[in-house]
Amino acid sequence: MSAPTLLVVAKAPVAGEAKTRIAETIGDEAAAAVAAAALLDTLTTASAVGWPLVVAMTGDLAAASAHDEVTAALAAATVVPQRGDSFAERLAHAHADADNGFGVVQVGMDTPQLTVADYLDAGRTVELGGRVIGPAEDGGWWLLGLPDPAAARALVDVPMSQDDTLELTQQALGGEWIRLRTVRDMDTWDDAVEIAREVPISRLADAVAQVESSRA
């Protein structure tokens, strides 16, 4: 049985464009640095899983915070551009672009606290032909695993970033689901601080500590 593709949907950590809600608290440059740290932590763990790795990227990497580190981390992946007007459309296209015939397990860059075990749990379900989803505390989801990535086309009709996005996603795609653990994703500065506490040995924790030190 072959492994699914691990798909990371990411936005280049460019100041003024990445993590704008976090920037409201700590400023554009600091928010971009935090976003870069989260992306790097995500890519480190994703690369350790050992599956085919695809990163669907949007934004100008040349202008990204930690450009050299991010570029080096992406060398382990196949990088494809995001396609579509809405975020839901871009997700659907990303699943299609990542499909290698053995299913797709998709995450974003807002949950750097994930472990290899989280991915492996999802992958086992996909390998056995099941659908798997990871609930986020805010009502969305942090992981979507599909044995048939073509099913992701139904995401185009799902409103994203709502407190019922998880439920609407499951309804739109249909079928039975396995749910993973519920985690917090990184939308606000408070989220970043809390997640950094969960993973004290991480780039995110270092980035958060630097920001807190500069604000003291």
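What you see is a predicted model, and the numbers here were worked out from it, not measured in a lab.

Colleague: Quick question: what am I supposed to make of the pattern of salt bridges here?
Modeller: Pairing is possible between side chains that carry opposite charge, provided their charged atoms lie close to one another. If you walk through the whole model with that rule in mind, you get nine salt bridges. Linking Glu69 and Arg203 is a salt bridge whose minimum nitrogen-to-oxygen distance equals 3.9 Å. Residue Glu69 is located in helix H3 (residues 67–74), and its partner Arg203 is located in helix H8 (residues 203–215); the two are separated by 134 residues in the primary sequence. In this structure, Asp118 engages Arg181 in a salt bridge whose closest nitrogen and oxygen atoms are separated by 2.8 Å. Within this pair, whereas Asp118 is found in helix H5 (residues 116–127), its partner Arg181 is found in the loop between strand S7 (177–179) and helix H7 (189–198), the two being separated by 63 residues in sequence. Bridged by salt links that share partners, the residues Asp41, Glu69 and Arg203 form one connected network.

Colleague: Would you take a moment to explain the sheet that holds strand S6 (residues 141–146) for this structure?
Modeller: Strands in a sheet are paired, the pairing made by backbone hydrogen bonds, and the direction either parallel or antiparallel. Across the sheet, seven strands lie side by side as S3-S2-S1-S4-S6-S5-S7; this open sheet has mixed pairing. Only two strands of the sheet have a single neighbouring strand rather than two, namely strand S3 (78–81) and S7. The average angle at which neighbouring strand axes cross in this sheet is 20°, direction not considered. The pairing of strand S1 (residues 5–11) with strand S2 (residues 53–58) spans six bridges and is classified as parallel. In the sheet register, Leu7 faces S2, and the bridge partner there is Val54. Against the sheet, helix H2 (residues 28–49) touches S1 and S2, its axis set at about 170° to S1. Contacts from helix H4 (residues 87–98) reach S1, S2, S3, strand S4 (104–107) and S6, with the element oriented near 145° to S1.

Conventions we followed
Residues numbered from 1 in each chain as written. Predicted model: local features only at pLDDT ≥ 70, side-chain atom pairs only at ≥ 80, totals over all residues. Heavy atoms only, no water. Salt bridge = Lys/Arg side-chain N within 4 Å of Asp/Glu carboxyl O. Helix = DSSP H or I, 4+ residues; strand = E, 2+ residues; numbered from the N terminus. Pairing = 2+ DSSP bridges. Axes fitted to C-alpha atoms, helices over the stretch in contact; angles between N-to-C directions. Contact = heavy atoms within 4.5 Å.

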